[in-house]
Amino acid sequence: MTPPKTSLGLAIFTFTHRLRQNPAIADPLKLLELARELGAGGIQTSLAGLDEARGAELRRKAENDGMWIEGSESLPKRKEDVDRFDAALRGVKAAGATTFRTVLLGGRRYEAFDGEAAWERFQADARRWLELAEPSLARHGLTAAFENHKDFRVSELLPFLQRLGSERVAVCVDFANNFTLMEDNAEVVEALAPVSAGGHVKDMALGAYADGFLAADVPLGQGVHDLPRMIGALRKARPGARLCLEMSTRDPLKVPVFTEKYWATLKGVSGADFARALKLVRERGVAREKLPAVDALPLDERVKLEEEAVRVSLAYAADVLKC
């Protein structure tokens, strides 16, 4: 057995291009083997469809390799979805996982909603989805950790969680998403750490374009994040929480802060927050040609870049971050 070089796990979404090239790695056993070969400490992936025998095999393999497993499942949106959701949780349970990552908004707030009314409806829907999930969570003894996925600002997310009042719902803290909502990422991690059940570790590079700024996932240590501070905050608040590398090897994300639609649901953002974000882009941003340019490349080249980014990030986690 070769022990992991880092406790940092790998989220399935880190392998977007490899999945297109070889869909078989969506199989949790194959993903676990890939993570072991790369020196990662665990995996976060969908475990839906695992029966007891297959789940036990996956669990045994992970334990033998000193690795860990978390799920990644979608919530029930209607009563008719509950049976599907409950079956997915049986797979999570069979694999020995206690937590699974989920999302409330699959897209980006500033793209998905045209006004406050639509944003308010989404919040009501999201609460209903979590309430539908609650009985299954309690029955299986599992925790759903929803990601801050370019939807809630911290001042909205914490009251939302408090109103829900569930011991089975926590946050999967993403290290980069809330900068697109004019928040400081390190402060976001520190604020959400006490209500978290793990996190998505990533670094971020910045640039500018006509309608706003560019945000790109880059290998750990190559961006603007104070990673020791952020990981330290999570470790202090939740010593046993598992952290995953979740990065997208792609062209930079466009955050159109100079457009009217961007502000349709973000009118409460202070001028100080906006100025701070723009200042960081100006002072720490790089030229467009120094940001990733991936999307137009052939698939095999994207796969190579993706794996290299993972290898560099895991090495940085082991050698520099000591995690």
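None of these values were measured; they are calculated from a predicted model.

**Some details on the packing of helix 6 (residues 116-140) against helix 7 (residues 154-164)**
Argument step 1. Across the interface, helix 6 lies against helix 7 with an axial gap of 11 Å and an inter-helix angle of 40 degrees. Regarding the angle of helix 6 to helix 7, the classification is oblique. Where helix 6 crosses over helix 7, the handedness of that crossing is right-handed. Side by side, helix 6 and helix 7 meet where Trp-119, Gln-123, Ala-126, Arg-127, Leu-130 and Glu-131 of the first sit next to Glu-156, Phe-160, Arg-163 and Leu-164 of the second.
Argument step 2. Among the residues forming the contact of helix 6 with helix 7, the class breakdown is 5 nonpolar, 1 polar and 4 charged.

**Regarding the sheet that holds strand 2 (residues 42-45)**
Argument step 1. Taken in spatial order, the 8 strands of this closed barrel run 1-2-3-4-5-6-7-10, and their pairing is parallel. Strand-to-strand twist of the sheet, defined as the mean angle between neighbouring strand axes without regard to direction, takes the value 30 degrees.
Argument step 2. Bridge count for strand 2 against strand 3 (residues 68-72) is 4 bridges, and the pairing is parallel. When the sheet's bridge partners are listed, Gln-44 is paired in strand 3 with Glu-70.
Argument step 3. Those strands touched by helix 2 (residues 28-38) are strand 1 (9-11) and strand 2, and its axis lies near 145 degrees from that of strand 2.

**Examining helix 2**
Argument step 1. Within the span of helix 2, buried status applies to Pro-28, Leu-29, Leu-31, Leu-32, Leu-34, Ala-35 and Leu-38.
Argument step 2. Each element contacted by the buried residues of helix 2 is listed here: strand 1, helix 1 (16-21), strand 2, helix 3 (52-64) and helix 11 (299-321).
Argument step 3. Among the residues of helix 2, the N-terminal cap falls to Asp-27, whose side-chain oxygen and the backbone nitrogen of Leu-29 are separated by 2.8 Å.

**Describing the pattern of salt bridges**
Argument step 1. According to the stated counting rule, one finds 25 salt bridges in the structure shown.
Argument step 2. The shortest N-O distance in the salt bridge between Glu-57 and Arg-54 comes to 3.6 Å. Taken together, the residues span about one helical turn, with Glu-57 and Arg-54 both in helix 3 at a distance of 3 residues.
Argument step 3. By relative accessible area, Glu-57 is classed as partly exposed at 34%.
Argument step 4. Owing to a relative accessible area of 30%, Arg-54 belongs among the partly exposed residues under this scheme.
Argument step 5. The shortest N-O distance in the salt bridge between Asp-65 and Lys-61 comes to 3.5 Å.
Argument step 6. When its relative accessible area of 7% is taken as the criterion, Asp-65 is described as buried.

Reading the values: the criteria
- Residues numbered from 1 in each chain as written.
- Predicted model: local features only at pLDDT ≥ 70, side-chain atom pairs only at ≥ 80, totals over all residues.
- Heavy atoms only, no water.
- Axes fitted to C-alpha atoms, helices over the stretch in contact; angles between N-to-C directions.
- Helix = DSSP H or I, 4+ residues; strand = E, 2+ residues; numbered from the N terminus.
- Parallel < 35°, antiparallel > 145°, perpendicular 65-115°, else oblique.
- Left-handed = near helix turned anticlockwise from the far one by under 90°.
- Contact = heavy atoms within 4.5 Å.
- Nonpolar A, V, L, I, M, F, W, Y, C, P; charged D, E, K, R; others polar.
- Pairing = 2+ DSSP bridges.
- Buried < 20%, exposed > 50% of the residue type's maximum accessible area, 1.4 Å probe, protein only.
- Polar contact = N/O pair within 3.5 Å; in protein donor to acceptor, adjacent residues only side chain to side chain.
- Salt bridge = Lys/Arg side-chain N within 4 Å of Asp/Glu carboxyl O.

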